[in-house]
Amino acid sequence: MRVNVRLFARLRDLAGTGELVQEVSSPATVATVWNSLVANMPELRDYERTMSVAVNADYSRMSAAVHEGDEVAFLPPVSGG
Amino acid sequence: MAVPLVAITSAPLDLQALVNEIAAGASGDGAITSFAGLVRDHNQGRRVSFLEYEAYEPLAVRALTRIIDEARQAWPRVRVGVHHRIGRLEIGDASIIIAAASPHRADAFAACRYAIERVKQIVPIWKHEHFEGGDLWLEGATADPDNDEAREAARRIACA
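Each chain carries its own residue numbering, running from 1 in the written order of its sequence. All chains are assigned letters beginning at A, and all ligands numbers beginning at 1, according to the order in which they are written. Residues qualify for local features only when their pLDDT is at least 70, as the model is predicted, and side-chain atom pairs are given and counted only at 80 or more; totals for whole chains, interfaces and linings, by contrast, use all residues.

What follows covers the overall build of chain A. Counting its regular elements, chain A contains two helices and seven strands. Listing every helix and strand of chain A by position from the N terminus yields β-α-β-β-α-β-β-β-β. Taking 81 residues into account, the globule formula puts the C-alpha radius of gyration at 12 Å, and chain A, at 12 Å, falls close to it. Considered along the principal axes of its C-alpha atoms, chain A spans approximately 35 × 25 × 20 Å. By definition, any uninterrupted DSSP run of H or I lasting at least four residues is a helix, any uninterrupted run of E lasting at least two residues is a strand, and each is numbered from the N terminus. For the radius of gyration, the atom set is restricted to C-alpha positions; the globular benchmark scales as 2.2 Å times the number of residues to the power 0.38.

Right, here's the structure in full:
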């Protein structure tokens, strides 16, 4: 199945894109999506310890289930204000 | 035009408009506090040229709404609004404005301070700092709205 991946800030710079479609086998979790992403882009892996994740624009966890067409976002530590 | 209590916008921020909106819904209250965060010309020894802010907008709006709800739980009679600007900002531009109304000043000050501390903890917005000699993404807190320790830390700062 396919999920829509969103990347922000330095993660977006490292990947060279802020949006991409990732093919993963079902059933999948956020972690499945992340692992297939870093398999292609190992330079992202350092963020695994510090990032947050979101599914369909709601904060989520690496263990959360994802479904066909979901939007999965990987978020570096935030610096707003 | 109605001023929303929560906004992520690339347009310049209007603190007076937000204060007026908060005041309009707070008749009889004794206090309104406001805060504006500005782009500073220096950061950690670097001379800052300008900042670019990026947001995950739908989640940023949700996170700001959550912060307002949290403030109401902590100080039930406060009314809070928060606007955050994104895109390129020059030195001195306001990047965030907050207004809080309450029957008494202590809660209005506390809610205003709480909101900015929580923004820095859980709102998916990032600063790309351009300084003399380079640029870098600033990275602060790992956003986790369910982290009660972070929330309690923000509440303690707000009440200090």
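To estimate how far a helix should reach, multiply one less than its number of residues by 1.5 Å. A rise of 1.5 Å per residue sets the reference length of helix H2 (residues 57-74) of chain B, with its 18 residues, at 26 Å; its end C-alpha atoms lie 26 Å apart and thus fit the reference within 8%. Whether a residue is buried, exposed or partly exposed follows from its count of other C-beta atoms within 10 Å of its own C-beta, namely 20 or more, 12 or fewer, or something in between, respectively; the C-beta atoms are built from the backbone. By the burial criterion, the buried members of H2(B) are Leu59(B), Ala60(B), Arg62(B), Ala63(B), Leu64(B), Ile67(B), Ile68(B), Glu70(B) and Ala71(B).

Residues and elements named next belong to chain A. A cis amide bond, omega 0°, links Ser-26 with the succeeding residue Pro-27. Along the chain, Pro-27 falls in the loop between strand E2 (19-23) and strand E3 (28-29). Backbone geometry places Ala-9, a non-glycine residue, at a positive phi of 55°. Looking at the element boundaries, Ala-9 is found in helix H1 (residues 9-15).

With 26 residues of chain B in contact, the opposing surface of chain A contributes 18 residues. Listed by contribution, the elements that provide at least two residues to the side of chain B that touches chain A are H2, strand E7 (94-102), helix H3 (105-122) and strand E8 (125-131) of chain B. Polar here means any residue outside two lists: the nonpolar Ala, Val, Leu, Ile, Met, Phe, Trp, Tyr, Cys and Pro, and the charged Asp, Glu, Lys and Arg; Gly therefore counts as polar. Residue composition of the side of chain B that touches chain A, by class: 15 nonpolar, five polar and six charged. Contact between two residues is assigned whenever their backbone-derived C-beta positions fall within 7 Å.

Below, the discussion takes up the nonpolar core. We define a nonpolar core as a collection of buried residues of the types Ala, Val, Leu, Ile, Met, Phe, Trp, Tyr and Cys that are connected via C-beta atoms lying within 7 Å of each other. Val33(A), Leu75(A), Ala111(B) and Ala115(B) are the most contacted members of the largest nonpolar core, which totals 67 residues. In this view, Ala111(B) contacts Ala71(B), Trp75(B), Val78(B), Val80(B), Ala100(B) and Ser102(B); residues no more than four positions away in its chain are not counted.

Let us now look at the environment of Met62(A). All names here are of chain A. Mapped onto the secondary structure, Met-62 falls in the loop between strand E5 (59-60) and strand E6 (65-66). Each C-alpha atom of the pair Met-62 and Glu-23 lies 17 Å from the other, and the pair is 39 residues apart in sequence. Beyond its immediate sequence surroundings of up to four residues, Met-62 is in contact with Thr-29, Val-30, Ala-31, Trp-34 and Val-53.

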